[in-house]
Amino acid sequence: MPRRFTSFSGAHHFRIDHQINNTIAAGAHYQILNVGEDLILRLRPLLNASHTRNRKTSPPDSECFPGTREDVIKEITAWANKVDPVCSIAWDGETSTSSDDSMDSICTFWTCEEAIALGDGSDRETPHIYWLHGFAGCGKSAVSLEVAKIYARSGRLLASYFFFRGAGDRSTMKRFAATLASQLVVAVPATASLIEAAVKAQPGLLTGDAPLSMQLDLLFLFPLRAVIQEGALKEFLAKGPFLVVIDGLDECEDKRGAEEFIDHILDFFQKRPDIPLRFFIASRVEQHIRACLETDGVIMANLDSHSARGDIEKFLQASFQTMAKKDRVIRAYIRARGPWPRRSDMENLVAHIGGSFVLASTIFKYIMQPATDEDPTTPMERLPLTLHMNGLDSLYAQTLARSQNLPHFRGIISTLALLVWPLPIAGIADLLGIETYEVIRVLLNLQAILHVPGTDEEGEVTLCHTSLLDFLTTESRSGPFLIPHSFHLHLSYYSFSSTFETNGPAYDYGAVNFDDHWRLFAQSEACNVTDEIELLKAQQLLRVNRLPHHAFLCSMLFHFNHLCRGPLLSDGFNLLNECAKHLALAVERSDPRTRAWLNHGWIYGSPGGVRTVQITEDTLKAVQCDLGRASTALHANFPKILKGYPDPIDNGSKEMIYDFETSGISGVAIFHALRWIVARAQLEWEETKITPRPPLELYIVNWSLTQLAFSFDRTSSLLAPQKFK
């Protein structure tokens, strides 16, 4: 009986359907089982996270300039190419003798200096993990990219993943393992059937319900190990171990997930020291990462210890020479004044830059950016100005000042910094409710620090480097350019409002992310929630056909009642009071967008569990008054809209459950929920016949994404998650 697993490599006359084909691989007879064309689609990998991504739209856009970083790359490749005798014996086609339970690591702590000696023929076991660390902008991502490209060419790169803060799922661990798995399927097709079987057996691997350690095991580590044990990869392994490149681990916003990833692969290698697999990790020295990686079995290499002065000078000289050939002003200057930059200028510039490649690149872009009405200076005039800038912060401030006085500057730059994922120029304009040309006008002055696509509809606007986001969100550094956390409230409103407009460029973004922005605003301790809501209400709408603020606030305040954390919760029942007030204000104005809001519902975020709200007679009267106004306005302005909805008060139930799997929570649903709360509270007081009426406890239950319930009964079965389905 032939061994069965998936392998498309080297197959002849092979057709993808539901048949079984035979082939010869690595001198053995294997049966190739088609596991389905949709495996990679089911894995839903992040295509913008690998080294092959479009770096212009998915930063960091960093690569090693030709002839630079040669020493550090030589050290890394020496480590990656080292073949340990124990590995070459254990993985030559026979099953490994290592035991998950009994194999103890014999790895020792390695410094960067010891790593240099890896090619000396030593029999010591080579560490499986290489950690390259250094300060922001020193060139770690460029080195990671070069390492990935080297081993992709040799066929030994299994996967690469480049984290980037503020880039949606790319800055979390949500789809990390699945993305690595999709690349593994391409690099080693024989793993496909094993991954397919794991996904079928454990659906939580792709929904995020399975622990990260299980995702890494079943989607990546175990399938690879099983195929290596089959002996089909002997030819590849003769060249050296396989490699995985992970860049920017410090930019993963899920710190616990990053720690779990490191701890798990350390444990995996401790139990299986003979597996021919290496992990190259690059990051800043964040405490949670250092605490995990500063241990046995890890090489620690400080990129800062490698002098970059010569490499930076080489990059600048070549870049200035290239631009001199393209720029007529520079050519004319050189004919009249001689070589530019002068030798002394170059020496001063390199000394001022220090070892930061991102500073070198950004300064060069700043010097060479086109003149504008706000900044008519030439490159020759800008170069000496950069020598007085205090690192990246001064450069960022100087560049931002070029557009600071243009209309909508603050809204545009705040949006770019806080978006969950980047948008094209047209998407930004649509989200903010302004014209596309107004966004372009601001962005064109900022190309030294932003990636601006060449078209309005395609390609995303992105920050050149994460340090710009750090600058913009740190008050002590950014000063007048500070982007407050409270701007998430405005982005939540813009996003929510865009869902009631006709499929504009921002529609998809708004439908998915309005809730995320609200949560980031409402759960923050860094802003005064009440004051910021008042500022939003006073805001002059940039687009006349926007959804009224009151409808948005009614939905968000109602939604926030069933979340179990955040500063707004200290207001107690005032949340329901404010919700009813904004409901009345919204429906008192006859507006087509308000009509759409009353009819159309949304599913809000993640479950919040059980929350208790105290209701007093005084606050109930205030809510009842606003509901009376809302009822009158609904019948006057939207007379037909209530007819399609059953009245929850008529059934006399002690509990109210909304099952909104298909419809979500609409404005009318909020109206009926508030009416039920008022009516049921009055019945509760009448039944107790206690004077004065004591406060009541309202339980708001939200165990799942598709159900929301209200009850005044503390013994209700709804309060137990297993009863609530």
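Residues numbered from 1 in each chain as written. Predicted model: local features only at pLDDT ≥ 70, side-chain atom pairs only at ≥ 80, totals over all residues. Heavy atoms only, no water.

1. Overview of the overall build of the protein
Step number 1: Per the secondary structure count, the protein includes 31 helices and 15 strands.
Step number 2: Taken over 725 residues, the protein has a buried fraction of 54%.
Step number 3: Taking all contacts inside the protein whose residues are at least 6 apart in sequence as the whole, residues at least 24 apart take part in 76%.
Step number 4: For the protein, the accessible area works out to roughly 31,400 Å², and carbon and sulfur atoms hold 51% of it. (Helix = DSSP H or I, 4+ residues; strand = E, 2+ residues; numbered from the N terminus. Buried < 20%, exposed > 50% of the residue type's maximum accessible area, 1.4 Å probe, protein only. Contact = heavy atoms within 4.5 Å. Areas by Shrake-Rupley, 256 points an atom, 1.4 Å probe, with all protein chains shown as cover.)

2. Points about the packing of aromatic side chains
Step number 1: Summed over the entire model, instances satisfying the criterion amount to 25 aromatic pairs.
Step number 2: Plain terms: the ring middles of phenylalanine 65 and phenylalanine 315 are 5.6 Å apart, the flat faces sit at 80° to each other, and that makes the pair edge-to-face. Placement of the pair is phenylalanine 65 in the loop between helix H1 (39–43) and helix H2 (70–81) and phenylalanine 315 in helix H13 (residues 309–326), with a sequence separation of 250 residues.
Step number 3: On the basis of relative accessible area, phenylalanine 65 is assigned to the partly exposed category, the value being 26%.
Step number 4: An angle of 50° between the planes, with centres 5.6 Å apart, marks the rings of tyrosine 396 and phenylalanine 471 as tilted. Here the residue tyrosine 396 occupies a position in helix H18 (residues 391–400), and phenylalanine 471 occupies one in helix H22 (residues 466–472), the gap between them amounting to 75 residues. (Phe/Tyr/Trp six-rings, centres within 6.5 Å; stacked < 30°, edge-to-face > 60°.)

3. Quick notes on the environment of serine 50
Step number 1: Structurally, the position occupied by serine 50 is in the loop between H1 and H2.
Step number 2: As a C-alpha pair, serine 50 and phenylalanine 163 span 113 residues in sequence and 9.1 Å in three-dimensional space.
Step number 3: Beyond its immediate chain neighbours, meaning those up to four positions away, serine 50 contacts Ser160, Phe162 and Gln183.

4. Notes on H18
Step number 1: Along H18, the positions that sit buried rather than exposed are Leu392, Leu395, Tyr396, Thr399 and Leu400. Angularly, the buried residues of H18 cover 125° about the axis, an arc narrow enough to put them on a single face. (Arc of directions from axis to C-beta.)

5. Focus on the pattern of salt bridges
Step number 1: One pass over the structure, following the stated rule, counts 27 salt bridges.
Step number 2: Measuring nitrogen to oxygen at the nearest pair gives 2.2 Å for the salt bridge that ties arginine 519 to aspartate 515. Taken together, the positions of arginine 519 and aspartate 515, both in helix H25 (residues 507–522) and 4 residues apart, correspond to about one turn of that helix. Grouping residues by exposure puts arginine 519 and aspartate 515 together as buried.
Step number 3: Measuring nitrogen to oxygen at the nearest pair gives 3.3 Å for the salt bridge that ties aspartate 591 to arginine 593. Each of the two residues, aspartate 591 as well as arginine 593, counts as buried.
Step number 4: Several salt bridges share partner residues, and in doing so they unite Arg55, Lys56, Asp61, Glu63 and Lys149 into one network. (Salt bridge = Lys/Arg side-chain N within 4 Å of Asp/Glu carboxyl O.)

6. Details of the confidence of the model for the protein
Step number 1: With 82% of its residues at a pLDDT of at least 70, the protein reaches an overall mean of 81.
Step number 2: Under a pLDDT of 50 for its full length, residues 93–110 has, in the predicted model, 43 contacts with residues more than four places off or in other chains.
Step number 3: Within the model, the stretch residues 114–122 combines pLDDT values under 50 with 13 contacts to residues more than four positions away or in other chains. (pLDDT = per-residue confidence, 0-100.)

7. What about unusual backbone geometry?
Across residues other than glycine, the phi torsion is negative in most instances, and most of the peptide bonds are trans.
Step number 1: Following proline 59, the chain continues into proline 60 via a peptide bond in cis, with omega recorded as 10°.
Step number 2: The topology assignment puts proline 60 in the loop between H1 and H2.
Step number 3: Even without glycine at this site, arginine 44 takes up a positive phi of about 50°.
Step number 4: Classification of arginine 44 as partly exposed rests on a relative accessible area of 46%.
Step number 5: One non-glycine residue with positive phi stands out, namely arginine 69, at about 60°.

8. Considerations on the packing of helix H19 (residues 409–418) against helix H24 (residues 487–498)
Step number 1: Two elements in contact, H19 and H24, have axes whose closest approach is 10 Å; the angle formed by their N-to-C orientations is 90°. As judged from the angle between their axes, H19 and H24 are roughly perpendicular. Only Phe487, His488 and Leu491 of H24 make contact with H19, whose side of the interface consists of Gly411, Ser414, Thr415 and Leu418.
Step number 2: In terms of residue class, the contact of H19 with H24 is made up of 3 nonpolar, 4 polar and no charged. (Axes fitted to C-alpha atoms, helices over the stretch in contact; angles between N-to-C directions. Parallel < 35°, antiparallel > 145°, perpendicular 65-115°, else oblique. Nonpolar A, V, L, I, M, F, W, Y, C, P; charged D, E, K, R; others polar.)

9. Section: helix H9 (residues 212–230)
In an α-helix, one turn spans 3.6 residues; hence positions three or four apart end up facing the same way.
Step number 1: Given a rise of 1.5 Å per residue, 19 residues ought to cover 27 Å, and the 26 Å separating the end C-alpha atoms of H9 matches this to within 8%.
Step number 2: Remark: the principal bend of H9, roughly 40°, maps to leucine 218.
Step number 3: Backbone geometry just downstream of H9 places glycine 231 in the positive-phi region, at approximately 85°. (Expected span 1.5 Å × (residues − 1). Bend = angle between axes of the 7 residues up to and from the residue.)

10. With respect to the nonpolar core
Step number 1: Counting residues in hydrophobic clusters, the biggest one holds 126 residues, and the most contacted among them are Leu316, Phe320, Trp518, Phe552, Trp597 and Phe710.
Step number 2: No other element matches helix H31 (residues 667–688), which puts 11 residues into this core.
Step number 3: In this structure, Trp131, Ala181, Leu205 and Phe279 belong to the second largest nonpolar core, which totals 57 residues. (Core = buried A, V, L, I, M, F, W, Y, C linked by side-chain atoms within 4.5 Å.)

11. Things to note about the pairing of strand S6 (residues 157–162)
For a regular strand, the rule is simple: side chains alternate between the two faces of the sheet.
Step number 1: The element S6 is extensively covered by neighbouring structure, given that 6 of its 6 residues are classed as buried.
Step number 2: Bridge analysis of S6 against strand S7 (residues 242–247) gives 5 bridges, and the strand direction is parallel. Bridge pairing links alanine 159 to valine 244 in S7. (Pairing = 2+ DSSP bridges.)

12. Points about the environment of arginine 629
Step number 1: Tracing the backbone shows arginine 629 in helix H30 (residues 617–637).
Step number 2: The exposure class assigned to arginine 629 is partly exposed, which follows from its relative accessible area of 31%.
Step number 3: A C-alpha to C-alpha distance of 9.5 Å links arginine 629 and alanine 580, two positions 49 residues apart in sequence.
Step number 4: In contact with arginine 629, other than residues within four places in its own chain, are Ala584, Leu585 and Glu588.
Step number 5: Within the structure, arginine 629 has its side chain in polar contact with the side chain of aspartate 626 (distance 3.2 Å). (Polar contact = N/O pair within 3.5 Å; in protein donor to acceptor, adjacent residues only side chain to side chain.)

13. Some details on the packing of H24 against H25
Step number 1: Close contact between H24 and H25 brings their axes to 7 Å; oriented N to C, the two are set at 150°. As far as their axial angle goes, H25 and H24 are roughly antiparallel. As for how H24 packs across H25, the hand of that crossing is left-handed. Each of His488, Leu489, Leu491, Ser492, Ser495, Phe496 and Ser498 in H24 lies in contact with H25, whose residues at this interface are Tyr507, Tyr509, Gly510, Phe514, His517, Trp518, Leu520 and Phe521.
Step number 2: Classifying every residue of the contact of H24 with H25 gives 9 nonpolar, 6 polar and no charged. (Left-handed = near helix turned anticlockwise from the far one by under 90°.)

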